[in-house]
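Examination of the molecular architecture
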Amino acid sequence: QKEVEQNSGPLSVPEGAIASLNCTYSDRGSQSFFWYRQYSGKSPELIMSIYSNGDKEDGRFTAQLNKASQYVSLLIRDSQPSDSATYLCAARGYNNAGNMLTFGGGTRLMVKP
Amino acid sequence: DVKVTQSSRYLVKRTGEKVFLECVQDMDHENMFWYRQDPGLGLRLIYFSYDVKMKEKGDIPEGYSVSREKKERFSLILESASTNQTSMYLCASSFSPPGTGELFFGEGSRLTVL
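Residues numbered from 1 in each chain as written. Chains lettered and ligands numbered in written order. Predicted model: local features only at pLDDT ≥ 70, side-chain atom pairs only at ≥ 80, totals over all residues. Heavy atoms only, no water.

**Comments concerning the overall build of chain B**
- The secondary structure content of chain B amounts to zero helices and 11 strands.
- When the helices and strands of chain B are read in sequence order from the N terminus, they spell out β-β-β-β-β-β-β-β-β-β-β.
- Its C-alpha atoms give chain B a radius of gyration of 13 Å, within 12% of the compact-globule value 13 Å for 114 residues.
- Dimensions along the principal axes, computed over C-alpha positions, put chain B at roughly 40 × 30 × 25 Å.
- Expressed as a percentage of its 114 residues, the buried residues of chain B come to 49%.
- Within chain B, contacts between residues at least 6 apart in sequence are counted, and of these 55% link residues at least 24 apart.
- Per element, the accessible surface of chain B, about 5,500 Å² overall, is 51% carbon and sulfur.
- Positive and negative side-chain charges of chain B, numbering 15 and 16 respectively, have mean locations separated by a distance of 6 Å. (Helix = DSSP H or I, 4+ residues; strand = E, 2+ residues; numbered from the N terminus. Rg over C-alpha atoms; globule rule 2.2 N^0.38 Å. Buried < 20%, exposed > 50% of the residue type's maximum accessible area, 1.4 Å probe, protein only. Contact = heavy atoms within 4.5 Å. Areas by Shrake-Rupley, 256 points an atom, 1.4 Å probe, with all protein chains shown as cover. Lys, Arg positive; Asp, Glu negative; His and termini not counted. Charge placed at Lys NZ, Arg CZ, Asp CG, Glu CD.)

Put into structure tokens, the structure is as follows:
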């Protein structure tokens, strides 16, 4: 069973702080990784993707990938109350269809004003 | 912008009824997926399709079937709805490789089975 694991939280941070969200995966063949944000009652929306070891920055968001240790993280700088949501980590594997994403259970982030 | 449209946002059905959930995407994606999402269980894949008339079982296909007669449309069918199928159902689509694998989700269909 290929798995993606996340701490369910809630992770509570004060406004303006850095929120750090972590994810581990079991399939060493996974090549691509994604972070989705999901507001309560809404569908997931993609906020970051990362394919290579190291850091990838996009505005206040930084995704980090370490394939040797099989973990992915998402840092949110200057956290805002509007960042309060559930963050889903996903890893791309392969089957005969070529594209499959396995999702973690999500981490609920709460940013307090 | 990619648009994935699910036909019904909220449905209430009775046990034993046949339920159809429709999904349409407008980006010519090869792959389409049906997930269900439940508190504490995350997103679980029910079925996916990588081409017209092609389908493969996901992690929890029991009690469900799917139909893909046209590339843009993927339907989820509950042959005889049961209360344990009360859930949020999410449709998604993506390009095949060499596409990145990014999934685009619809708004979701919240199904309640009484």
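**Here we look at the interface of chain B and chain A**
- Taken together, the contacts link 24 residues of chain B with 22 residues of chain A.
- Taking both partners together, chain B and chain A bury about 1,700 Å²; carbon and sulfur atoms supply 54% of that area.
- At the boundary of chain B and chain A, one finds zero salt bridges.
- Contributions of two or more residues to the side of chain B that touches chain A are made by strand 4 (31-38), strand 5 (42-51) and strand 9 (87-94) of chain B.
- In terms of residue count, the dominant contributor to the side of chain B that touches chain A is strand 5 of chain B (five residues).
- Class assignment of the residues belonging to the side of chain B that touches chain A gives a composition of 11 nonpolar, nine polar and four charged. (Buried area = accessible area lost by both parts, 1.4 Å probe. Salt bridge = Lys/Arg side-chain N within 4 Å of Asp/Glu carboxyl O. Nonpolar A, V, L, I, M, F, W, Y, C, P; charged D, E, K, R; others polar.)

**So, the sheet that holds strand 8 (residues 71-76) of chain A**
Residue and element names in this part refer to chain A.
- What the five strands build is an open sheet, ordered 1-3-8-7-6; its pairing is antiparallel. Each end of this open sheet is capped by a strand with a single partner; those strands are strand 1 (4-5) and strand 6 (54-58).
- With two bridges joining them, strand 1 and strand 3 (residues 19-25) adopt antiparallel strand pairing. Counterpart to valine 4 in the pairing with strand 3 is tyrosine 25. (Pairing = 2+ DSSP bridges.)

**Re the side chain of Ser65(B)**
- Along the chain, Ser65(B) turns up in strand 7 (residues 65-70).
- If we skip the residues at most four places from it in the chain, Ser65(B) touches Tyr47(B), Ser75(B), Leu76(B), Ile77(B) and Glu79(B).

**Examining unusual backbone geometry**
- With an omega of 10°, the peptide bond between Gly9(A) and Pro10(A) qualifies as cis.
- Mapping Pro10(A) onto the fold places it in the loop between strand 1 and strand 2 (11-14).
- Residues other than glycine seldom take positive phi values, yet Asp78(A) does so here, at roughly 50°.
- A positive phi angle, close to 60°, is found at Asp28(B), a residue other than glycine.
- Along the polypeptide, Asp28(B) turns up in the loop between strand 3 (19-25) and strand 4.

**Describing the pairing of strand 9 of chain B**
Residue and element names in this part refer to chain B.
- Counting buried residues along strand 9, eight of its eight residues qualify, which places the element largely inside the surrounding structure.
- Relative to strand 9, strand 4 runs antiparallel, the two being bridged by seven bridges. The partner of tryptophan 34 across the bridge, within strand 9, is cysteine 91.
- By the bridge criterion, three bridges tie strand 9 to strand 11 (residues 109-113) in an arrangement that is antiparallel. If you follow serine 87 over to strand 11, its bridge partner there is leucine 111.
- Where strand 9 lies against strand 10 (residues 104-105), two bridges are found, and the strand directions are antiparallel. In the strand pairing of strand 10, serine 93 is matched with phenylalanine 104.

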